[in-house]
Amino acid sequence: MSRRAEALLALLGVAALIFTAWAAPWLRFVLTVALAKGLGVLGLLLLLRAGQVSFGHAMFLALGAYTVAFAAPSVPETLVLLPAAALLAGVAGLLIGLFVVRYRDIFFGMLNLALSMVFYSVLEKFYAVTKGTDGIRVPPLTIAGLEPVRETQEWVMFGLALGLALLCALGVRAYLASPMGQALAGIKTRETRLEFLGVPARRVLLFAYVLSATMGGAAGALIAMTSRHVTPQLAYWTSSGELIFIGILGGAGSALGPFLGAAAFELVRVYAAAAVADAWQMILGGVLLAVILFAPGGLIGILSGRAQQRPAGRA
Amino acid sequence: MTVPLLSARGLRLAFGGVKAADGIDLDVMPGEFLAIIGPNGAGKTTFINMTTGYLRPQAGAIEYEGQAILGLAPRAIVRRGIGRSFQLPQLFTEHTVLENAALAIAARAGIWSPLVPLLRPGYRRDAMALLARFGLEGVAEARADALNEGARKLADIAMAVALEPRLLLMDEPTSGVAASEKMGVVETLVRVLREAGVTAVFVEHDMEVVARFADRVAVWSQGRILTLGPPAAVLADPAVRREVIGIEAAAAHG
Ligand SMILES: Nc1ncnc2c1ncn2[C@@H]1O[C@H](COP(=O)(O)OP(=O)(O)OP(=O)(O)O)[C@@H](O)[C@H]1O
Ligand SMILES: [Mg+2]
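Residues numbered from 1 in each chain as written. Chains lettered and ligands numbered in written order. Predicted model: local features only at pLDDT ≥ 70, side-chain atom pairs only at ≥ 80, totals over all residues. Heavy atoms only, no water.

Draft legend 1. Here's a closer look at the coordination of the magnesium ion (ligand 2). In the first shell of the magnesium ion (ligand 2), the protein supplies Thr45(B) (OG1) and Gln87(B) (OE1), at 1.9 to 2.7 Å from the metal. Of this pair, Thr45(B) sits in helix α1 (residues 44-51) while Gln87(B) sits in the loop between β6 (82-85) and α3 (97-109), placing them 42 residues apart in sequence. (Donors = N, O, S within 2.8 Å, 3.2 Å for Na, K, Ca; no water. Helix = DSSP H or I, 4+ residues; strand = E, 2+ residues; numbered from the N terminus.)

Laid out in C-alpha cells, this is it:
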C-alpha cells in the first residue's frame, strides 16, 4: 500500500473510531478492547514477518492483565500500571524468547502453545493466589492521581488505547522498513544467507519477540483496566487462536490490519452474539473461510485493493 | 616466500562411510584465483563448508591470516573477511535485488538501527553502486526470484562482495548458467574481484573457464587432492584427463 493511502486510511479509521465512540457510548468499551487486541495482534504480525506463528501469544496479554490485577490494590495508578505490565511482559518475552527463537515453524508455534498452557494452568490451579477460574476484580484506578467519573474514565481508556495503537503502528512500520525489520523478513526466505552476511538471525528474531511480548503486555493491561476483571481464560489457547484469527481477518500487509481486524471482529461478535447467539461461532468460521479463500490479504487488502493491484500489475 | 592467506591441514570429515574430506592440505596464496575441479561427490562443497564454519571437520586445522578459525560460527568467520557464494544462490526471494544488496551493505555497517529505513539514501546509493559493478543495475527493482540464473549467481556473489572480504569462496559460480551467458558472467566477476583485490577459490566444472581464469588448479577426488598446479600442466595431465575431465565430459554428454 502506498504511504499516502495508508496515512489516509489511518486518519479515516481514527475519525470513524472517535465518532462511533461518541455517537454510540455503549460501543466505547467494545472499541477500547478492540484497540487493545489489535495491539496484541500487531505483535503477532512481527513474528509472522519472519514466517513464524505463535499459537500461545495470549500468554503475554494475560501476563499484562494479571500484572494489573495483582498490583492495582497497592498501586492503583493507570499511568504506572500500564508501563509496568508492558515491561514485565517484555522481560518475560526475553526469557521465553531466548529459548523459543532457536526453533522454527511448527516447533516454534507449538512451544509457544505449550508455554501458554502451562501459564494457563498456573493461573487456574493456584486458587489461593489467583482465585482460579473466578478471576480477580480490578479496583477503580486513578489517572495521573485523579479519580475521574465513569464516563471520563471510559474516554481516557479509549484515548490511551487509541494513542498507544497509533504509536505502536507507526513504530512497527518504521521497524519493519529498517535493516532489522528487513532482516526479520529474511528469516522467512533465506536464513542461511543472513548468517553468511554476519547477521545473527536468532538475535534478530529475539528482538521481534521481545517487542511483540511487550506490546502484548500493554494490550493485556488495557483489557484488564477496561473490563476490570481478569480470568485465566485470557491465557487459554482459544484466546491465542483468536489473535491469529484477527490477524488473518485484518491482513498482515500493513500495521493497520490488526486494528481493522480487531474492530471488525469485536463489532461482529457484539451484534452477532445478540442476534444469533448460538450461530455466532459458525458465522466467524464462515467469515474466516471467506477471507482465506477470496481475500488472502485480509480486510486491509480489500480496502487497499486498488492501490495494491497497480504495483503488482507492473511487476 | 609469501605467507598463505588460508592454510588447511589434514582436514578429515566422513559422513557414515563416505569420506568427504580425507586429509586435505591446501594453501591459498594472497591474490590468486584457485580453481577446484573434480567429479560429483568428491568433497569440493564440503571443503567450502568446513572453511566457512558450516561444517566442522573431525580432524585437522584451518588458519586464516595466521589465526585458527576452526570452530568459529559462520557469521564470525564472515566477519573476519571470508566471503562465500553458493551453488544454489541464496537470495532473499521476496525482496528486490536492490533490497538484497542494501541488506548486505547494512550487514557490513551493523543492522541494529530499528527506526531508519533500509533504503536510506546512503545505503541505496552504495547498493546501486555495488549492483552496477556487477552489471545488475538494470534489474535492481526486480524481485530476486524473477532473475535468470546468470543474474542470480552474480547477485549472490555481489552480496558476499558487499562485506568486502579478502578471501571469497565460490561454489560453482557458472553451474546452471546458460552457455551463451557463461563467459560474460565469469568475466564480470573476475573483473570485480581483481579490481577489489579479492583472493578467490572457486569450484568449477567448465574446463574452458578454468583454463582461462585460474592461476592454479586443485584436483579433488574422493576427499583428497589428487594434484595441484598451473592449469596448463594440470589439465594436460593424463591421469587428470582420465579420472576427472573424462568423467565430466561423459557426465556432460550423458
Ligand atoms: N551434510 C551432509 N550429510 C551427509 N552426507 C554429506 C553431507 N554433505 C556432503 N555429503 C556427502 O559427502 C560427499 C561429498 O559431497 P560434496 O557436496 O562435498 O561433493 P561435491 O564435490 O561438492 O559434489 P558436486 O560436484 O556434486 O557438488 C558426497 O558423497 C555427499 O553425499
Ligand atoms: Mg558441490
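Draft legend 2. Molecular detail of the side chain of Arg120(B). Here Arg120(B) shows up in the loop between α3 and α4 (121-133). Although Arg120(B) is buried, it forms no salt bridge, and the closest oppositely charged side chain is Asp126(B) at an N-O distance of 9.6 Å. Setting aside anything within four residues of it in sequence, one finds Arg120(B) in contact with Pro179(A) and Ser113(B). (Buried < 20%, exposed > 50% of the residue type's maximum accessible area, 1.4 Å probe, protein only. Lys, Arg positive; Asp, Glu negative; His and termini not counted. Salt bridge = Lys/Arg side-chain N within 4 Å of Asp/Glu carboxyl O. Contact = heavy atoms within 4.5 Å.)

Draft legend 3. Just the sheet that holds strand β10 (residues 224-229) of chain B, in detail. Residue and element names in this part refer to chain B. Reading across from one edge, β6-β7-β8-β3-β9-β10 is the order of the 6 strands in this open sheet, with mixed pairing throughout. Of all strands in the sheet, those with a lone pairing partner are β6 and β10, marking the two edges. On average, adjacent strands in this sheet sit at an angle of 15° to one another, irrespective of strand direction. Two elements, strand β9 (residues 216-221) and β10, share 5 bridges in a ladder whose sense is antiparallel. Its bridge partner lying in β10, Val217 is registered against Gly229. Across the sheet, α1 lies against β3 (33-37), β6, β7 (167-171), β8 (199-203) and β9, angled at about 145° from β7, the strand it touches most. (Pairing = 2+ DSSP bridges. Axes fitted to C-alpha atoms, helices over the stretch in contact; angles between N-to-C directions.)

Draft legend 4. Highlighting a nonpolar patch on the surface. Where nonpolar side chains cluster on the molecular surface, the patch consists of Phe70(A), Val118(A), Val122(A), Phe126(A) and Val129(A) and spans about 460 Å² of accessible area. Counting through the fold element by element, Val129(A) comes out in helix α6 (residues 127-130). (Patch = residues over 30% accessible without salt bridge, like charges linked within 9 Å, V, L, I, M, F, W, Y side chains within 5 Å. Areas by Shrake-Rupley, 256 points an atom, 1.4 Å probe, with all protein chains shown as cover.)

Draft legend 5. Seen up close, the site of ligand 1. Residues and elements named next belong to chain B. Surveying the vicinity of ligand 1 reveals 14 residues, the closest of which are Asn40, Gly41, Lys44, Thr45 and Thr46. A distance of 2.8 Å separates an oxygen atom of ligand 1 from a polar atom in the backbone of Gly41. Here an oxygen atom of ligand 1 sits 3.3 Å away from a polar atom, N or O, in the side chain of Gln87. Relative to its unbound accessible surface of 640 Å², ligand 1 loses 62% to contact with the protein. If you list the elements that add at least two residues to the shell around ligand 1, you get β2 (18-28) and α1. Top element by residues in the shell around ligand 1 is α1. It accounts for 3 residues. Of the residues that constitute the shell around ligand 1, the class distribution is 5 nonpolar, 7 polar and 2 charged. (Near = heavy atom within 4 Å. Polar contact = N/O pair within 3.5 Å; in protein donor to acceptor, adjacent residues only side chain to side chain. Nonpolar A, V, L, I, M, F, W, Y, C, P; charged D, E, K, R; others polar.)

Draft legend 6. Spotlight on empty space enclosed by the protein. Residues and elements named next belong to chain B. The full count for this structure, using the stated rule, is 1 cavity of 30 Å³ or more. In terms of lining residues, the largest cavity is bounded by Phe33, Met170, Pro173, Thr174, Val186, Leu189, Val190, Leu193, Phe202, Glu204, Val209 and Phe213. Every element with two or more residues in the lining of the largest cavity is listed here: α6 (179-196) and α7 (207-213). Looking at the lining of the largest cavity element by element, the count peaks at 4 residues for α6. When grouped by side-chain class, the residues that make up the lining of the largest cavity number 10 nonpolar, 1 polar and 1 charged. (1 Å grid on protein atoms, 1.4 Å probe; cavity = no way out; pocket = protein on both sides within 12 Å on 5 of 7 lines; lining within 4 Å. Points joined across faces, edges and corners; volume = space filled by probe spheres on them.)

Draft legend 7. Representation of the interface of chain A and chain B within the structure. In this assembly, 26 residues from chain A lie in contact with 34 residues from chain B. Summed over both partners, the interface of chain A with chain B comes to about 2600 Å²; 68% of that surface belongs to carbon and sulfur atoms. Of all residues in chain A, the largest losses of buried area upon contact with chain B belong to Arg193(A), Phe196(A) and Leu197(A), amounting jointly to 30% of the total for that side. Where chain A meets chain B, there are 3 salt bridges. Among the ionic pairs, Lys188(A) bridges to Glu94(B), the shortest N-O distance being 3.5 Å. At the boundary of chain A with chain B, the tally comes to 10 residue pairs in polar contact (both at pLDDT 80 or more). Counting only elements with at least two residues in the side of chain A that touches chain B, the list comes to α7 (150-177), α8 (179-189), α9 (191-196) and α10 (201-227) of chain A. At 8 residues, the largest contribution of residues to the side of chain A that touches chain B is made by α8(A). (Buried area = accessible area lost by both parts, 1.4 Å probe.)

Draft legend 8. Summary view of the environment of Ala35(B). All names here are of chain B. Relative to the helices and strands, Ala35 resides in strand β3. Judged by its relative accessible area of 0%, Ala35 is buried. Linking Ala35 and Tyr123, residues 88 residues apart in sequence, is a C-alpha distance of 33 Å. If we ignore the near neighbours within four places in the chain, the residues touching Ala35 are Phe202, Val210, Ala214, Arg216, Val217 and Ala218.

Draft legend 9. Layout of the packing of helix α2 (residues 28-49) of chain A against α10(A). Contact pair α2(A) / α10(A): the axes reach a minimum separation of 8 Å and the direction vectors enclose 170°. On the basis of the axis angle, α2(A) is roughly antiparallel to α10(A). (Parallel < 35°, antiparallel > 145°, perpendicular 65-115°, else oblique.)

Draft legend 10. Spatial organisation of α6(B). Residue and element names in this part refer to chain B. For α6, spanning 18 residues, the distance from its first C-alpha to its last is 27 Å, which sits close to the expected 26 Å at 1.5 Å a residue. Inspection of α6 places Lys182, Met183, Val185, Val186, Thr188, Leu189, Val190, Val192 and Leu193 among the buried residues, and these make up the whole buried set. Considering only its buried residues, α6 is in contact with β3, α4, α5 (149-161), β7, β8 and α7. Two residues or fewer after α6 comes Gly197, characterised by a positive phi angle close to 65°. (Expected span 1.5 Å × (residues − 1).)

Draft legend 11. Layout of the packing of aromatic side chains. Residues and elements named next belong to chain A. According to the stated counting rule, one finds 13 aromatic pairs over all chains in the structure shown. Centre to centre, the rings of Phe19 and Trp22 are 5.9 Å apart; their planes meet at 50°, and the pair counts as tilted. Of the two residues, Phe19 and Trp22 are both situated in helix α1 (residues 3-23); the distance of 3 residues between them amounts to about one turn of the helix. Residue Phe19 shares its accessibility class with Trp22, and that shared class is exposed. Here the aromatic rings of Tyr66 and Phe70 are separated by 6.1 Å at their centres, their planes lie at 40°, and the arrangement is tilted. (Phe/Tyr/Trp six-rings, centres within 6.5 Å; stacked < 30°, edge-to-face > 60°.)

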